[in-house]
Amino acid sequence: MPRLRSLLLFLSLATACGGDPSAFVSEAPLGEREDAVTIPSRGFASTLDVGCWNLEYFGSTSHGPSDETLQLQNARDVILGADLDVWGVEEIVSAAQFNTLVSQLPGYAGLLGSDPSVVGGSTYYTPGEQKVGLLYKPAVASVLGARVILTADATFFGGRPPLEVRMRVGLNGHTEDVVVIVMHAKALSDVDSWQRRVDGSAALKAYLDSTWPTAKVLVIGDFNDDVDVSISSSRTSPYENFVVDAAGYSFPTKALSDANLTSTVGYKAVIDHHLATHELRALHVAGSAEVYRVDAYIPSYDTTTTDHYPVLTRYTWGNEGAALTVTSPNGGESWAGGGARTVTWSATQVPTVKLEYSIDDGGAWALIGTASGATGSYTWTVPDVATSLARVRVSDVANAALSDSSVGAFTITSTNTPGNVVLHEILANEIGSDAGTEFIELLNTGGSQVDLGGWMLWDATGLRHTFASGTILGAGRALVVFGKAASIPAGVGNAVGATTGGLSLNNGGDTVTLQKTGGTVVDAYTYAASLAGQDGVSMNRNPDGGATGSFVLHTSLSTRSASPGMRANGSAF
């Protein structure tokens, strides 16, 4: 937070949002990097995957991260690992450093707003200024033309007119044109900056309405403000003109704002967004908007890489005829728990499917596995839990909105397996300064209820909680122990406060142990500081709901920071 505020103060004193013209470097091509970080992919073969990322003062030797080579390496690792088709990037100071980055991205091409191929670009973007740019996969998209727009209104954008790129995208045997506009709005929360964003938004909307009234257009980048309410105190969002025109536009990323997420290291708001015209909105993959917390994989992220997180969305492309149908089980069957049965389906234009099951008629779903859509079958070890309300669901991995489930419920008979209580979710780094919000979630993954009376929770240094006599944890249910009963969030059921008045979990690493009366260890987990380094972000088993999966940061499973008493996606156990 202090570094971001210092940066904002610097920007407020500057006449334009740019660095020193001499503050850029030219790096020699990098060799194979031994300490490259591994970033999980967010790209899919059948969808158009798009991201925007402010790379703080990229290539500047005067501002932003001090180690330009490390910043470039981290940026490269994120872009290659995420494996998106199109990236809008902002705050590029050094064209030479950007070109070095592109040279280290096999399968990608790029252009900056200052490039000679961009009409008007070199007029409005000088070597030392912050520039906007585009990275893309030529195997997926080609550039038909590029220009800077709204140059007469450049002051509304902090002297950085948007970059408009006309592209031809080919996926799934379908080729169609799309317009991508990369934007970096005026920064800061003072009244003048807010007004300039208001005026810039009005100019942008007038331009889109008149220039691209029926085109598929996507505006991505650093909007420097949120779309629900402004970062400028007591003011409406400067992009309210787009929000209220629901017939013509939508922000797929508004869901991130509604979830109270943040797209920067030190500012509690989503200020990096994607804006789609009506024609493109229909192709947006529901639930695909994401603030990608790559800081979970990069040490000292904000000082080595940037103070913004990538923001992502995905779109269907040429696979409007895709279809999925579950053929078995489809209702009325009786399958024995613990045995192997075959789930079958038919799929059209769906490369990979995800299989899930429910034991409460679709109230909550648990992962079975993934498979090639074309195979049409999967051998499933049926859970040994009695229910007459079982269903199976099959969905497109790249587009969760495309799915089908059993037409009717079927029965699973049980051999009455015993209960199995495990540590399932742990929040060691409390929310803010309230240590009472630390919690440990237990989950009974077995087939019978378990009496927890007299059981104990320990950390590495001492006893933290003893369960009261008569505490029963039902099969498939969760129970949460918070540091203090007063800190249990509203709406979280089946939760108690620690009997010792606190859990005292160590952010630098600790061991959580669940013991029976007499000391028999039921489950134990030793976590590292990397799983407790983010305020309010828990560690959760992966897959969620499993008994043996490894613990990962909750943000790698869903957009939620934590989910005490619930599944990672917020649904009930």
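Below you will find a few notes about this structure.

Criteria and thresholds
Residues numbered from 1 in each chain as written. Predicted model: local features only at pLDDT ≥ 70, side-chain atom pairs only at ≥ 80, totals over all residues. Heavy atoms only, no water. Helix = DSSP H or I, 4+ residues; strand = E, 2+ residues; numbered from the N terminus. Rg over C-alpha atoms; globule rule 2.2 N^0.38 Å. Buried < 20%, exposed > 50% of the residue type's maximum accessible area, 1.4 Å probe, protein only. Contact = heavy atoms within 4.5 Å. Areas by Shrake-Rupley, 256 points an atom, 1.4 Å probe, with all protein chains shown as cover. Lys, Arg positive; Asp, Glu negative; His and termini not counted. Charge placed at Lys NZ, Arg CZ, Asp CG, Glu CD. Pairing = 2+ DSSP bridges. Axes fitted to C-alpha atoms, helices over the stretch in contact; angles between N-to-C directions. Salt bridge = Lys/Arg side-chain N within 4 Å of Asp/Glu carboxyl O. Phe/Tyr/Trp six-rings, centres within 6.5 Å; stacked < 30°, edge-to-face > 60°. Lys NZ or Arg CZ within 6 Å of the ring centre and 35° of its normal. Polar contact = N/O pair within 3.5 Å; in protein donor to acceptor, adjacent residues only side chain to side chain. Core = buried A, V, L, I, M, F, W, Y, C linked by side-chain atoms within 4.5 Å.

**Side note on the overall build of the protein chain**
Then comes step 1: Secondary structure summary: the protein chain contains nine helices and 34 strands in total.
Then comes step 2: Scaling as 2.2 N^0.38, a compact globule of 573 residues should have a C-alpha radius of gyration of about 25 Å, and the protein chain matches this with 26 Å.
Then comes step 3: Oriented by its inertia axes, the alpha-carbon framework of the protein chain measures out at about 75 × 55 × 50 Å.
Then comes step 4: When the 573 residues of the protein chain are sorted by exposure, 54% land in the buried category.
Then comes step 5: Counting contacts in the protein chain only where the partners sit at least 6 residues apart, residues at least 24 apart contribute 68% of the total.
Then comes step 6: Just so you have it, the protein chain exposes about 21,800 Å², and 52% of that area is on carbon and sulfur atoms.
Then comes step 7: Side-chain charges of the protein chain comprise 33 positive and 56 negative groups, with the mean position of each set lying 3 Å from the other.

**Section: the sheet that holds strand 5 (residues 131–136)**
Then comes step 1: Taken together, the six strands give an open sheet; going across it, the order is 3-5-2-1-13-12, and neighbouring strands pair in mixed fashion. Each end of this open sheet is capped by a strand with a single partner; those strands are strand 3 (109–112) and strand 12 (290–291).
Then comes step 2: The sheet contact formed by strand 3 and strand 5 spans four bridges and is antiparallel. Bridging from a neighbouring strand, A109 pairs with Y136 of strand 5.
Then comes step 3: Taken strand by strand, helix 2 (residues 68–82) contacts strand 1 (47–58), strand 2 (86–92) and strand 5, and its axis lies near 170° from that of strand 1.

**Brief notes about the pairing of strand 32 (residues 521–528)**
Then comes step 1: Strand direction decides the pairing type here: strand 31 (residues 509–515) and strand 32, joined by seven bridges, are antiparallel. The residue of strand 32 that forms the bridge with T511 is T526.
Then comes step 2: From the end of strand 31 to the start of strand 32, which pair antiparallel, there are five residues, and G518 there has a positive phi angle of about 100°.

**A look at unusual backbone geometry**
Then comes step 1: The step from S328 to P329 runs through a cis peptide bond, and the omega angle for that step is 0°.
Then comes step 2: With respect to the element layout, P329 can be found in the loop between strand 14 (323–328) and strand 15 (334–336).
Then comes step 3: The omega torsion across N542 and P543 is 10°, close enough to zero to call that bond cis.
Then comes step 4: Position of P543 relative to the elements: it lies in the loop between strand 33 (539–542) and strand 34 (550–553).
Then comes step 5: At N172, a position not held by glycine, the phi torsion is positive, near 55°.

**What to know about the pattern of salt bridges**
Then comes step 1: What the rule picks out here adds up to 17 salt bridges.
Then comes step 2: Between D225 and R197 there is a salt bridge whose closest N-O contact spans 3.0 Å. Of this pair, D225 sits in the loop between strand 9 (217–222) and helix 6 (240–244) while R197 sits in helix 5 (residues 191–211), placing them 28 residues apart in sequence. Across the pair, R197 and D225 agree in class, each one buried.
Then comes step 3: Notably, a salt bridge pairs R393 with E356, separated by 3.0 Å at the nearest N-O pair. Of this pair, R393 sits in strand 20 (residues 387–396) while E356 sits in strand 17 (residues 352–358), and the two are 37 residues apart along the sequence.
Then comes step 4: The partly exposed category is assigned to R393, whose relative accessible area is 23%.
Then comes step 5: Residue classification places E356 among the buried positions, given a relative accessible area of 10%.
Then comes step 6: Here the residues in one salt-bridge network are D83, D85 and K137, joined through shared partners.

**A closer look at the environment of V143**
Then comes step 1: Residue placement: V143 occurs in strand 6 (residues 141–148).
Then comes step 2: For V143, a relative accessible area of 32% puts it in the partly exposed group.
Then comes step 3: Expressed as a C-alpha distance, the spacing of V143 and N542, which sit 399 residues apart in the sequence, is 40 Å.
Then comes step 4: What V143 contacts, discounting residues up to four positions off in sequence, is Y136, V165, R166 and M167.

**Considering the packing of aromatic side chains**
Then comes step 1: According to the stated counting rule, one finds 11 aromatic pairs in the structure shown.
Then comes step 2: When the ring of F223 is compared with that of F251, the centres are 5.8 Å apart and the planes differ by 75°; the resulting orientation is edge-to-face. With a gap of 28 residues between them, F223 in the loop between strand 9 and helix 6 and F251 in the loop between strand 10 (249–250) and helix 7 (254–258) connect regions that are remote in the sequence.
Then comes step 3: Residue F251 is classed as buried on the basis of its relative accessible area, which comes to 8%.
Then comes step 4: We note R235 situated over the ring of W194; from NZ or CZ to the ring centre the distance is 5.5 Å.

**A word on the side chain of D272**
Then comes step 1: Secondary-structure assignment places D272 in strand 11 (residues 272–277).
Then comes step 2: Within the buried core, D272 has no salt-bridge partner, and the shortest N-O distance to an opposite charge, that of R160, equals 10 Å.
Then comes step 3: There is a polar contact of 2.6 Å between the side chain of D272 and the side chain of S263.
Then comes step 4: Of note is the side chain of D272, whose polar atom sits 2.9 Å from the side chain of H308.
Then comes step 5: Setting aside anything within four residues of it in sequence, one finds D272 in contact with C52, N54, E90, G221, D222, F223, S263, T264, H308 and V311.

**Description of the sheet that holds strand 11**
Whether parallel or antiparallel, the strands of a sheet pair through hydrogen bonds between backbone atoms.
Then comes step 1: Ordered by their spatial adjacency, seven strands build an open sheet running 4-6-7-8-9-11-10, and the pairing between neighbours is mixed. Where the open sheet ends on each side, the last strands, each with one partner, are strand 4 (118–119) and strand 10.
Then comes step 2: Pairing of strand 4 with strand 6, which is carried by two bridges, proceeds in the parallel orientation. Looking across to strand 6, one finds that V118 is bridged to A146.

**A short note on the nonpolar core**
Then comes step 1: L48, W87 and L134 are the most contacted members of the largest nonpolar core, which has 63 residues in total.
Then comes step 2: When residues in this core are grouped by element, the largest group, six residues, is from strand 1.
Then comes step 3: Grouped together as the second largest cluster of nonpolar side chains are 26 residues, L479, L505, A532 and L553 included.

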